[in-house]
Amino acid sequence: ASIPKPYNEPMLNYEVGSVQRKLLKEACAKLRNETIEIPCIVGGEEIKTGDVQKQLICSDNKKVLCTFHQANAEVLQKAIDNSLAAKSKWEALPFEDRAAIFLKTADLLNTKYRYEILAATMLGQGKTVWQAEIDAAAETIDFLRFNPKYAEEIYSQQPPANTNGCWNRVEYRPLEGYVVAISPFNFTAIGANLPSSPALMGNVVLWKPASTAILSNYIVFKAFREAGLPDGVIQFLPGSGRLVGDILINNRNFAGLHFTGSTGVFNGIYQKTAANLSAGLYRGYPRIVGETGGKDFHFLHNSGEVDHFVFNTLRASFEYQGQKCSACSRAYIPASLWPTIKEKLVSNVKEMKQGQSDDFSVFVSAVIDKNSFNNIKSYIDHAKASADAEIIVGGGCDDSVGWFVEPTIIVAKDPHYKSMEEEIFGPVLTIYVYEDSKFEETLRLCDTTSPYALTGSIFAKCRYAVQTANQILKSAAGNFYINDKCTGAVVGQQPFGGARASGTNDKAGASLNLLRWVSARTIKENF
Ligand code: NAD
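Residues numbered from 1 in each chain as written. Predicted model: local features only at pLDDT ≥ 70, side-chain atom pairs only at ≥ 80, totals over all residues. Heavy atoms only, no water.

Participant: Sorry if this is basic, but what is going on with the site of the ligand here?
Facilitator: Around the ligand, 27 residues are found, and the nearest of them are S183, S262, T292, C325 and E423. The contact in question runs from an oxygen atom of the ligand to an N or O atom on the backbone of G261, over 3.3 Å. A distance of 2.6 Å separates an oxygen atom of the ligand from a polar side-chain atom of S262. Relative to its unbound accessible area of 850 Å², the ligand is 86% covered by the protein chains. Breaking the shell around the ligand down by element, the ones donating at least two residues are α8 (241-249), β10 (254-260) and α9 (263-278). Among the elements that make up the shell around the ligand, the one with the highest residue count is α8 (three residues). (Near = heavy atom within 4 Å. Polar contact = N/O pair within 3.5 Å; in protein donor to acceptor, adjacent residues only side chain to side chain. Areas by Shrake-Rupley, 256 points an atom, 1.4 Å probe, with all protein chains shown as cover. Helix = DSSP H or I, 4+ residues; strand = E, 2+ residues; numbered from the N terminus.)

Participant: Please clarify how the pattern of salt bridges should be interpreted in this entry.
Facilitator: Under the definition given, this model contains 29 salt bridges. Between R114 and E9 there is a salt bridge, with its nearest N and O atoms 3.2 Å apart. Of the two residues, R114 sits in helix α4 (residues 114-125) while E9 sits in the segment before α1 (19-33), which places them 105 residues apart along the sequence. Between K377 and D381 there is a salt bridge whose closest N-O contact spans 3.1 Å. Here K377 and its partner D381 are both found in helix α12 (residues 370-385), four residues apart, which amounts to about one turn of the helix. (Salt bridge = Lys/Arg side-chain N within 4 Å of Asp/Glu carboxyl O.)

Participant: Even after reading the chapter, I still don't get helix α15 (residues 463-472), so can you show me in this structure?
Facilitator: Helical periodicity: at 3.6 residues per turn, an α-helix aligns residues three or four positions apart in one direction. Listed as buried for α15 are A465, V466, A469 and I472. Looking straight down α15, one finds its buried side chains confined to an arc of 140°; they lie on one side. Looking at α15, the residues exposed on the side facing more than 90 degrees away from the buried face are R463 and Y464. On its buried side, α15 packs onto α14 (439-449), β20 (455-459) and β21 (479-482). (Buried < 20%, exposed > 50% of the residue type's maximum accessible area, 1.4 Å probe, protein only. Arc of directions from axis to C-beta. Contact = heavy atoms within 4.5 Å.)

Participant: Any chance you could explain the side chain of E139 here in plain terms?
Facilitator: By secondary structure assignment, the location of E139 is in helix α5 (residues 129-155). Look at E139: it is buried, it has no salt bridge, and the nearest opposite charge is K127 at 7.3 Å. In this view, E139 contacts I134, F187, A189, A489 and V491; residues no more than four positions away in its chain are not counted. (Lys, Arg positive; Asp, Glu negative; His and termini not counted.)

Participant: What's the story with the sheet that holds β21 in this structure? I'm lost.
Facilitator: Picture the strands of a sheet paired through backbone hydrogen bonds; they go either parallel or antiparallel. The strand order across the open sheet built from seven strands is β14-β17-β18-β13-β12-β20-β21, with neighbouring strands paired in mixed fashion. Every interior strand has two partners, whereas the edge strands, β14 (389-393) and β21, have only one. With strand direction ignored, the average angle separating the axes of adjacent strands in the sheet is 20°. The pairing of strand β12 (residues 296-300) with β20 spans four bridges and is classified as parallel. What sits directly across from H298, in β20, is S457. Lying on the sheet, helix α11 (residues 338-351) is in contact with β12, β13 (328-334), β14, β17 (408-412) and β18 (428-434); it crosses β14 at an angle near 55°. (Pairing = 2+ DSSP bridges. Axes fitted to C-alpha atoms, helices over the stretch in contact; angles between N-to-C directions.)

Participant: Please clarify how the sheet that holds strand β4 (residues 52-57) should be interpreted in this entry.
Facilitator: Strand order in this open sheet of three strands is β1-β5-β4, and the pairing throughout is mixed. If you trace the sheet from one side to the other, it starts and ends with β1 (36-38) and β4, each paired once. In this sheet, adjacent strand axes meet at a mean angle of 40° when their direction is disregarded. Pairing analysis gives six bridges linking β4 to strand β5 (residues 60-69), with the strands arranged antiparallel. Residue pairing in the sheet places Q55 in a bridge with C66 of β5.

Participant: Which parts of the structure should I look at to understand the layout of surface pockets?
Facilitator: To find leftover empty space, one rolls a probe the size of a water molecule over the atoms. Counted as a void, the largest pocket has a volume near 1,300 Å³. In terms of lining, the largest pocket is formed by 44 residues, of which the most central are F185, A210, T212, S262 and V265. Looking at the lining of the largest pocket, the elements with two or more residues in it are β4, α8, β10, α9 and α12. Grouping the constituent residues of the lining of the largest pocket by class yields 15 nonpolar, 21 polar and eight charged. Taken as a whole, the second largest pocket spans an internal volume of roughly 610 Å³. Considering the residues around the second largest pocket, the lining is formed by 36 residues, among which E139, F187, G488, A489 and V490 are closest to the centre. With six residues, α5 is the largest single contributor of residues to the lining of the second largest pocket. Of the residues contributing to the lining of the second largest pocket, the split by class is 16 nonpolar, twelve polar and eight charged. (1 Å grid on protein atoms, 1.4 Å probe; cavity = no way out; pocket = protein on both sides within 12 Å on 5 of 7 lines; lining within 4 Å. Points joined across faces, edges and corners; volume = space filled by probe spheres on them. Nonpolar A, V, L, I, M, F, W, Y, C, P; charged D, E, K, R; others polar.)

Participant: Would you explain the packing of aromatic side chains in this entry?
Facilitator: Counted by the stated rule, this structure contains 17 aromatic pairs. Seen from their ring centres, F299 and Y332 are 5.2 Å apart, and the 15° between their planes marks the pair as stacked. Placement of F299 in strand β12 and of Y332 in strand β13 is noted, with a sequence separation of 33 residues between them. Members of the aromatic cluster, joined through ring pairs, are F299, Y332, Y432, Y434 and F439. Across from the ring centre of F360, 4.7 Å away, lies the NZ or CZ of K25, which sits over that ring. The ring of F187 has K127 lying over it, and the distance from NZ or CZ to the ring centre is 3.8 Å. (Phe/Tyr/Trp six-rings, centres within 6.5 Å; stacked < 30°, edge-to-face > 60°. Lys NZ or Arg CZ within 6 Å of the ring centre and 35° of its normal.)

In short, geometric facts, not functional conclusions.
What follows is the structure in structure tokens.
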């Protein structure tokens with residue numbers, strides 16, 4: 001059997017007067033007028049624990065989008081037991097049947113659920129229509145279409161040689177135990193990918209979605225089930241990260257973690273697994289896959305095209321309010337070009353329309369929640385008070401209606417200024433202006449300034465400059481772009497992930513990632 005050739009889902013444009021725009025507006029209005037109650041789902045059973053939390057609309061934060069029941073210790077234990085009971089039947093199912101379920105999920109999300117999942121992502125995660133389309137439609141569907149193809153490649157990899165009278169083969173078994181998937185708020189697509197990729201490889205998965213992305217993730221889960229995912233293969237477990245993490249990870253049957261989120265949380269889980277391992281809790285070495293934070297950069301050489309750089313930097317820094325792990329949050333600009341660039345950046349930022357995420361004319365909306373608002377504001381306040389930094393545009397924060405932070409640009413006099421080094425995860429770009437003659441020296445600075453290494457871009461026409469940057473920044477980014485913005489990796493085109501404090505670099509959207517969810521057994525048979 002062969003998996004259908006995957007293709008990237010084309011994006012719809014929702015132009016004025018289009019049917020798509022009308023349907024999406026209706027879907028948004030419907031979600032604004034109802035409050036869905038979301039249970040935990042274990043073995044297909046809906047469980048309401050009574051420990052209820054709310055997901056709010058980011059840009060209209062007095063309004064509740066949905067409520068959800070948080071998993072407690074009893075539900076988590078039940079989920080573990082139920083998964084282990086479902087495991088042998090699931091792993092015995094032929095790969096084609098498993099793949100068909102996820103391919104069908106892609107279809108359902110593309111048709112029946114397309115507007116609902118977009119509306120949930122727009123209102124619940126604060127995405128504008130275009131940002132939601134990129135994520136909840138295109139990327140989500142792409143993961144589900146491309147992963148089966150990558151899995152097929154893995155299963156077909158066999159030793160190329162056999163000596164006479166014997167047959168060597170490799171069997172790609174699922175892991176022994178269960179996999180825990182813990183997903184972040186900022187991409188519905190990651191919510192879909194984290195549990196489905198280990199499940200595709202025959203594993204049972206306990207999935208904890210982010211509390212600020214519950215509704216969109218629940219729609220993904222509904223689509224999995226409707227596509228034929230057997231009960232117990234993926235459990236849907238909203239709840240407190242710490243509790244879910246502790247119970248699911250402190251268990252002998254924990255075999256792998258598929259995590260995306262902040263570096264701090266991942267480090268905590270990593271330490272926990274290391275301690276459990278040395279205490280002899282686990283059967284083997286759990287597979288720990290984590291895609292974590294970033295302090296992603298745009299580096300301009302004085303041969304670069306100014307307008308191209310400005311346009312891409314504005315998009316990479318401020319689309320989705322800078323809340324992409326790949327968002328550009330620091331830039332290095334040569335002094336000779338700075339006056340022109342400064343004027344263009346400032347005038348463009350002043351024109352950015354900010355507002356409700358379901359207002360189809362806005363470019364930026366609100367940030368995800370109160371904690372995030374307060375955290376971003378603290379960096380802006382620091383810059384306002386610091387002699388080492390100057391805010392050249394933006395700086396306003398207002399949470400009276402939604403968690404609104406204006407797109408903000410800080411110019412740092414010190415290349416090691418706080419916001420040049422630390423991930424803020426908001427619409428804040430920090431710029432360091434360097435002397436043109438110090439190009440190489442500044443590249444070295446860029447390489448060593450932050451602990452992260454997720455994405456980065458060089459903008460230059462001069463090929464020597466491109467090559468120098470490519471060499472010096474070899475370890476500074478898992479995804480490196482030449483004359484393009486550092487956001488927008490496409491499944492099937494640019495495998496995504498970073499190293500250093502940005503994660504284990506097991507590239508999402510590639511066979512490398514799926515390889516982590518199997519444990520190979522070599523079989524030699526003599527005739
Ligand atoms: P987060 O770390 O706050 O939360 C991620 C998930 O971990 C959530 O489901 C959360 O509930 C859970 N969690 C929190 N504490 C936990 C604990 N003690 N034990 C177990 N689970 C726990 O991250 P976020 O705010 O949802 O997402 C933003 C972060 O994610 C940023 O740092 C961003 O760079 C990163 N991110 C990285 C990538 C990537 O591919 N590298 C992609 C998207 C987001």
